[in-house]
Amino acid sequence: DAKTTQPPSMDCAEGRAANLPCNHSTISGNEYVYWYRQIHSQGPQYIIHGLKNNETNEMASLIITEDRKSSTLILPHATLRDTAVYYCIVRRGYNNNDMRFGAGTRLTVKP
Amino acid sequence: GAGVSQTPSNKVTEKGKYVELRCDPISGHTALYWYRQSLGQGPEFLIYFQGTGAADDSGLPNDRFFAVRPEGSVSTLKIQRTERGDSAVYLCASSPASGRAGSFYEQYFGPGTRLTVT
């Protein structure tokens, strides 16, 4: 599976958009990009995934560059409850059975 | 509906002891996963079950770790001769089916069991 690189931490003002980058320059054609987040003292929570098209759901938007070497998770209106560690994971197909989580990005939303 | 539950929420044991950690998946979910999370790190995959059988146990660190799911529902992670390095949060997740079926199935995580080996 392709390796991912994320900044260790980011801050965002409450009500503003949070843009979390992920670099996956070695991604191959059949690998999907998955995003999870983990709020303190809870298990990870699935957010969104995509292959090459941009995706949007009720939680977030996922923007994948045309060359697929990087992506950005966007939380359009961050709230204090969005403070969490965000993980970007690349996996082949839908075979996300054994997710390999890295260290992620610790997002702190500030009032 | 009820989510994934794990018991106990906290477990303190002495080095060398045996421990069992229990996971109750969401009813009807056929796939079940165990992860381990050390402080400041992301979850580390241990093992996954499809039904009663372990479909992939490549993440188990050594033969002191073993997991079972005899009836395809509740699972128990067993650790023999515990070591201080085993201290971590052990997370369980379940999903309706395995992604190998060709569709995406979200993993739902439990709150974890915090194991401390003294």
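Up top you'll find the structure we're talking about.
Criteria and cut-off values
- Residues numbered from 1 in each chain as written.
- Chains lettered and ligands numbered in written order.
- Predicted model: local features only at pLDDT ≥ 70, side-chain atom pairs only at ≥ 80, totals over all residues.
- Heavy atoms only, no water.
- Helix = DSSP H or I, 4+ residues; strand = E, 2+ residues; numbered from the N terminus.
- Pairing = 2+ DSSP bridges.
- Axes fitted to C-alpha atoms, helices over the stretch in contact; angles between N-to-C directions.

So, unusual backbone geometry
Thought 1: Geometrically, the link from Thr 7 of chain B to Pro 8 of chain B is a cis peptide bond, its omega value of -10 degrees lying close to zero.
Thought 2: Following the sequence through the fold, Pro 8 of chain B ends up in the loop between β1 (5–7) and β2 (10–13).
Thought 3: Even without being glycine, Arg 68 of chain A reaches a positive phi, approximately 65 degrees.
Thought 4: As for its position among the elements, Arg 68 of chain A is in the loop between β6 (61–64) and β7 (70–75).
Thought 5: At Arg 81 of chain B, a residue that is not glycine, the phi angle is positive and equals roughly 45 degrees.
Thought 6: Mapped onto the fold, Arg 81 of chain B is located in the loop between β8 (75–79) and β9 (88–95).

A word on the sheet that holds β1 of chain B
Through backbone hydrogen bonds, the strands of a sheet pair up, either in parallel or in antiparallel fashion.
Residues and elements named next belong to chain B.
Thought 1: Pairing is antiparallel across the open sheet formed by four strands, whose spatial order is β1-β3-β8-β7. The open sheet has two edge strands, β1 and β7 (65–68), and neither has a second partner. Direction aside, the axes of adjacent strands within the sheet are offset by 15 degrees on average.
Thought 2: Sheet analysis places β1 next to strand β3 (residues 19–24), joined by three bridges and oriented antiparallel. Of the residues in β3, the one forming a bridge with Ser 5 is Asp 24.

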